[in-house]
Number of protein chains: 2
Amino acid sequence: MTDPAQSDLVRAARGEPVDRTPVWFMRQAGRSLPEYREVRAEVAMLDACMRPDLVIEITLQPVRRHGVDAAILFSDIVLPLKALGAGLDIVPGVGPVIADPVRDMAGVERLPGFEPEALGFVGEAVRGIVADLGATPLIGFAGAPYTLASYLIEGGPSKDHAKTKALMWGAPDVWRALMSRLADISGRFLRVQVEAGASVVQLFDSWAGGLSPGDYRAHVLPYSKVALAAVADLDVPRIHFGVATGEILADMSTAGVEAMGVDWRVPLDEAVTRIGSGQAVQGNLDPTLVFAPWDVLAARAREVVAAGRVAPGHIFNLGHGVLPDTDPDVLTRLVELVHEIPLDD
Amino acid sequence: MTDPAQSDLVRAARGEPVDRTPVWFMRQAGRSLPEYREVRAEVAMLDACMRPDLVIEITLQPVRRHGVDAAILFSDIVLPLKALGAGLDIVPGVGPVIADPVRDMAGVERLPGFEPEALGFVGEAVRGIVADLGATPLIGFAGAPYTLASYLIEGGPSKDHAKTKALMWGAPDVWRALMSRLADISGRFLRVQVEAGASVVQLFDSWAGGLSPGDYRAHVLPYSKVALAAVADLDVPRIHFGVATGEILADMSTAGVEAMGVDWRVPLDEAVTRIGSGQAVQGNLDPTLVFAPWDVLAARAREVVAAGRVAPGHIFNLGHGVLPDTDPDVLTRLVELVHEIPLDD
């Protein structure tokens, strides 16, 4: 079997039978790996995301090391905006910083449109990764419109996203124009990756969990639907994830997805009662459990697998990204553990 | 009527009939008020919390300005630890910083015990506030054991509380000793305030929402129960609150409380389905709504009041603390709006 579309991960995302529970980790390519830190030592984050040779190497590192069931394109949520020419950068220890935050219609109009040529390096990187991966699927990746909008509006890090919400409530025309523009970019960015060979996509809405359900439904969900619809005809399963999304899981699951990522707060069997019937789940071990004694971690991982059985399909993952201080050997051992749990346990 | 125990706020917390919906704001005494910034200009946070004259003045400021239905003791979650002699301080823009973080049994044993004399200033401040407030109730305030433990273990700010959870999972004896010690301090700190005249208490578990429900039940809830039991015989209603607690609301509501604070993510009528029957709710307008146009804010406030009617009692509040950039005039207008909404609407 050398077709990634027939891999356990893709099958689980579709709710089809698998040979063993597939596993990958959000932020598996990153600072927890010494080989990553070495590659990144002299290269800024967004520069690394735009160099196909580095993207290929970094994306493949955790597959080689951990034996995970998928690679995920090494990128950043704001990468497409940067590549298209928006004035932003990632400041180490701070996050994305925007030179000229979007606050009005003129700001929306200043944003670059989608130019496939500007993202040519992404297709090149994806083709290189897929050629190397063989039967292992590559997950394409994009930030959802709301999370992109948050970065553009806040201009820098924010705990409460007050400026984003103020614009959402106070300037509906600007909001619609901005979110429409970002939904287009987000969807097309996913499409570029699938057309180059990605077998799955994940849409990250990092900050959506800070919204009340009513605000999420009225001001955010319609645009996530547009982004996800951009790959609806390409026959790849779509995963959708954000943290602290327990109250909006049901709504998020209507965005046009085959699988819902769940953070560690919501037990997977409880998540299944909230999302669409027939949808798979992904998650959701507390990422800090890697610092617990192995027997505690192992018991919890088994609980996650058991809870995931209630869903038509389950992709094992952490409930959020790998923390930088994580010992990579623990992750490798966790992959082995999940793979060894019998499916008829 | 001059008895704060018969005030609308206390009655709402008990699920008894009220004349109008009572309202106060978490962090109502704080940086949103120019008169607060003036008092604090030359005084460090924890110093201000330990000077009865300043505590009285700062606690009363929002009552005078906004006409809220309760004062809440101006304090900080780590204040009792500081007053008892723990080596910590609040660094502006950072938060509580601990000189010698607790990581083992020796660290627990180094912690100070509860000495009523060390907190004499609290009783003095409470008596001064209550004398001035008349029929308006004062809410006593303490951090819950888990949140206190997080500060002591992390040693500084943390997003993921990895060290706290690692100790919780990896050193159960140390955890039990630490949490027992903190439950004692937390409960006694509440008791000091009630005995000096507070009519209600609120136990803040700021970080509990970062725990999975299983961890919350096993490692945290028992100690919150101990803290709240310390005032069970004093005939004051107890409110319990944390952010991002949607998944643990049901469990938190069993800690021994009359009212549950709810963050803005969970609609109040949904919260009522999760918590104990007969319990009141408090909340829960998104604190960033103060930056929305008034008509949007007013409509949302009315929705919150309508949803709160499902509970036996409702105390109007924000779903988290007042943001420092909040225009205080908006809060005053919001108090008037909530007061004017007819209860039989």
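One structure accompanies this document, and this report is about it. Computed from a prediction, not measured in an experiment: that's the story for all the values here.

## Re the overall build of chain A
At step 1: Along the backbone of chain A there are 16 helices and nine strands.
At step 2: Relative to the globule expectation of 20 Å for 345 residues, the C-alpha radius of gyration of chain A, 19 Å, shows essentially globular dimensions.
At step 3: Taking the principal axes of the C-alpha coordinates as reference, chain A spans close to 60 × 45 × 40 Å.
At step 4: Taken over 345 residues, chain A has a buried fraction of 62%.
At step 5: Long-range contacts, defined here as pairs at least 24 residues apart, represent 73% of the contacts in chain A between residues at least 6 apart.
At step 6: Split by element, the accessible area of chain A, about 12,400 Å² in all, is 50% carbon and sulfur.
At step 7: Taken together, the 30 basic and 45 acidic charged side chains of chain A have centroids lying 3 Å from each other.

## A word on helix H12 (residues 221–229) of chain B
All names here are of chain B.
At step 1: When H12 is considered as a whole, its buried residues turn out to be Leu221, Tyr223, Ser224, Ala227 and Leu228. Projected down its long axis, H12 carries its buried residues within an arc of 160 degrees, all on one side.
At step 2: Looking at the buried positions of H12, the neighbouring elements they touch are helix H8 (145–154), helix H10 (172–196), strand E5 (200–204), helix H11 (213–219), strand E6 (238–241) and helix H13 (249–252).

## What about the pattern of salt bridges?
At step 1: Overall, the coordinates contain 36 salt bridges over all chains when judged by the stated rule.
At step 2: With a closest N to O distance of 3.1 Å, Glu258 of chain B and Arg238 of chain B form a salt bridge. Here Glu258 of chain B is found in the loop between H13 and strand E7 (259–261), whereas its partner Arg238 of chain B is found in strand E6, with 20 residues between them in sequence.
At step 3: It is possible to trace a salt-bridge network through shared partners that takes in Glu35, Arg65 and Asp329 of chain A.

## Structural notes on the sheet that holds strand E4 (residues 138–143) of chain A
Residue and element names in this part refer to chain A.
At step 1: If you walk across this open sheet you meet the seven strands as E1-E4-E5-E6-E7-E8-E9, and the pairing is parallel. Here the strands that pair on one side only, and so sit at the sheet edges, are strand E1 (71–72) and strand E9 (314–318).
At step 2: Alignment of E4 against strand E5 (residues 200–204), held across five bridges, turns out to be parallel. Note on E5: the bridge partner recorded for Phe141 is Gln202.
At step 3: Where helix H12 (residues 221–229) meets the sheet, it contacts E5 and strand E6 (238–241), and its direction lies at approximately 150 degrees from that of E6.

## Points about the interface of chain B and chain A
At step 1: Of the residues lining the interface, 30 residues belong to chain B; the matching set on chain A comes to 30 residues.
At step 2: Sorting the residues of chain B by area buried against chain A places Trp169, Glu247 and Arg265 of chain B first, and these three jointly supply 29% of that buried surface.
At step 3: For the pair chain B and chain A, the number of links is six salt bridges.
At step 4: For the salt bridge of Glu247 of chain B with Arg274 of chain A, the shortest nitrogen-to-oxygen distance reads 2.7 Å.
At step 5: At the junction of chain B and chain A, the tally comes to 10 residue pairs in polar contact (both at pLDDT 80 or more).
At step 6: The set of elements that each furnish at least two residues to the side of chain B that touches chain A consists of helix H9 (162–170), H11 and helix H15 (294–308) of chain B.
At step 7: Here the side of chain B that touches chain A is composed, by residue class, of 15 nonpolar, seven polar and eight charged.

## Things to note about the packing of H9 of chain B against H10 of chain B
All names here are of chain B.
At step 1: Interhelical geometry of H9 versus H10 gives an angle of 115 degrees and a closest axis separation of 6 Å. By the angle between their axes, H9 is roughly perpendicular relative to H10. Every residue of H10 that contacts H9 at Thr164, Leu167, Met168, Trp169 and Gly170 is listed here: Pro172, Val174 and Trp175.
At step 2: Counted by class, the contact of H9 with H10 contains six nonpolar, two polar and no charged residues.

## A short note on the pairing of strand E3 (residues 95–98) of chain A
Residue and element names in this part refer to chain A.
At step 1: When strand E2 (residues 88–91) meets E3, the two strands line up antiparallel, connected through four bridges. Paired with Ile90 across the two strands is Pro96, which belongs to E3.
At step 2: Between E2 and E3, which follow one another and run antiparallel, lie three residues, and Gly93 among them has a positive phi close to 80 degrees.

## Quick notes on the sheet that holds strand E4 (residues 138–143) of chain B
Residue and element names in this part refer to chain B.
At step 1: The strand order across the open sheet formed by seven strands is E1-E4-E5-E6-E7-E8-E9, and the pairing between neighbours is parallel. Two strands bound the open sheet, and with one partner strand each, they are strand E1 (71–72) and strand E9 (314–318).
At step 2: In this structure, E6 lies alongside E7, joined through two bridges in parallel fashion. Paired with Ile239 across the two strands is Ala259, which belongs to E7.

## What to know about the packing of aromatic side chains
At step 1: Tallying each qualifying case throughout the model produces 10 aromatic pairs over all chains.
At step 2: Their ring planes at 65 degrees and their centres at 6.3 Å tell us that Tyr151 of chain B and Trp207 of chain B sit as a pair that is edge-to-face. Placement of the pair is Tyr151 of chain B in helix H8 and Trp207 of chain B in the loop between E5 and H11, with a sequence separation of 56 residues.
At step 3: You can call Tyr151 of chain B buried: its relative accessible area is 14%.
At step 4: The exposure class of Trp207 of chain B is partly exposed, given its relative accessible area of 30%.
At step 5: Sitting over the ring of Trp294 of chain A, Arg333 of chain A keeps its end group 4.0 Å from the ring centre.

## Some thoughts on the relation of the copies chain B and chain A
At step 1: Laying chain B over chain A is done by rotating through 180 degrees and shifting 0.0 Å along the axis; what remains is an RMSD of 0.0 Å. Given the turn and translation reported, the copies of this chain are related as if by a two-fold rotation axis.
At step 2: Most of the interface of chain B is mirrored in chain A, where 100% of its interface residues again form contacts.

## Overview of the packing of helix H4 (residues 52–66) of chain A against helix H7 (residues 120–133) of chain A
Residues and elements named next belong to chain A.
At step 1: Running from N to C, H4 and H7 point in directions that differ by 35 degrees, and their axes come no closer than 9 Å. Pair H4 / H7 crosses with right-handed handedness. Contacts between H4 and H7 involve Pro52, Val55, Ile56, Thr59, Leu60 and Val63 from the former and Phe121, Glu124, Ala125, Gly128, Ile129, Asp132 and Leu133 from the latter.
At step 2: Here the contact of H4 with H7 is built from residues that sort into nine nonpolar, two polar and two charged.

## Quick word on H4 of chain A
All names here are of chain A.
At step 1: Taking 1.5 Å of rise per residue, 15 residues should cover 21 Å, and H4 covers 22 Å from first to last C-alpha, within 8% of that figure.
At step 2: Considering bend angle alone, the principal kink of H4 is centred on Leu60 and spans about 30 degrees; proline Pro62 follows within four residues of it.
At step 3: Here H4 has its buried residues at Pro52, Leu54, Val55, Ile58, Thr59, Leu60, Gln61, Pro62, Val63 and His66.
At step 4: Along its buried surface, H4 packs onto helix H2 (34–40), helix H3 (45–49), E1, H7, E4 and helix H16 (328–340).
At step 5: Directly after H4, the chain includes Gly67, whose backbone phi takes a positive value near 65 degrees.

The rules we used
Residues numbered from 1 in each chain as written. Chains lettered and ligands numbered in written order. Predicted model: local features only at pLDDT ≥ 70, side-chain atom pairs only at ≥ 80, totals over all residues. Heavy atoms only, no water. Helix = DSSP H or I, 4+ residues; strand = E, 2+ residues; numbered from the N terminus. Rg over C-alpha atoms; globule rule 2.2 N^0.38 Å. Buried < 20%, exposed > 50% of the residue type's maximum accessible area, 1.4 Å probe, protein only. Contact = heavy atoms within 4.5 Å. Areas by Shrake-Rupley, 256 points an atom, 1.4 Å probe, with all protein chains shown as cover. Lys, Arg positive; Asp, Glu negative; His and termini not counted. Charge placed at Lys NZ, Arg CZ, Asp CG, Glu CD. Arc of directions from axis to C-beta. Salt bridge = Lys/Arg side-chain N within 4 Å of Asp/Glu carboxyl O. Pairing = 2+ DSSP bridges. Axes fitted to C-alpha atoms, helices over the stretch in contact; angles between N-to-C directions. Buried area = accessible area lost by both parts, 1.4 Å probe. Polar contact = N/O pair within 3.5 Å; in protein donor to acceptor, adjacent residues only side chain to side chain. Nonpolar A, V, L, I, M, F, W, Y, C, P; charged D, E, K, R; others polar. Parallel < 35°, antiparallel > 145°, perpendicular 65-115°, else oblique. Phe/Tyr/Trp six-rings, centres within 6.5 Å; stacked < 30°, edge-to-face > 60°. Lys NZ or Arg CZ within 6 Å of the ring centre and 35° of its normal. Least-squares fit on C-alpha atoms with pLDDT ≥ 70 in both. Left-handed = near helix turned anticlockwise from the far one by under 90°. Expected span 1.5 Å × (residues − 1). Bend = angle between axes of the 7 residues up to and from the residue.

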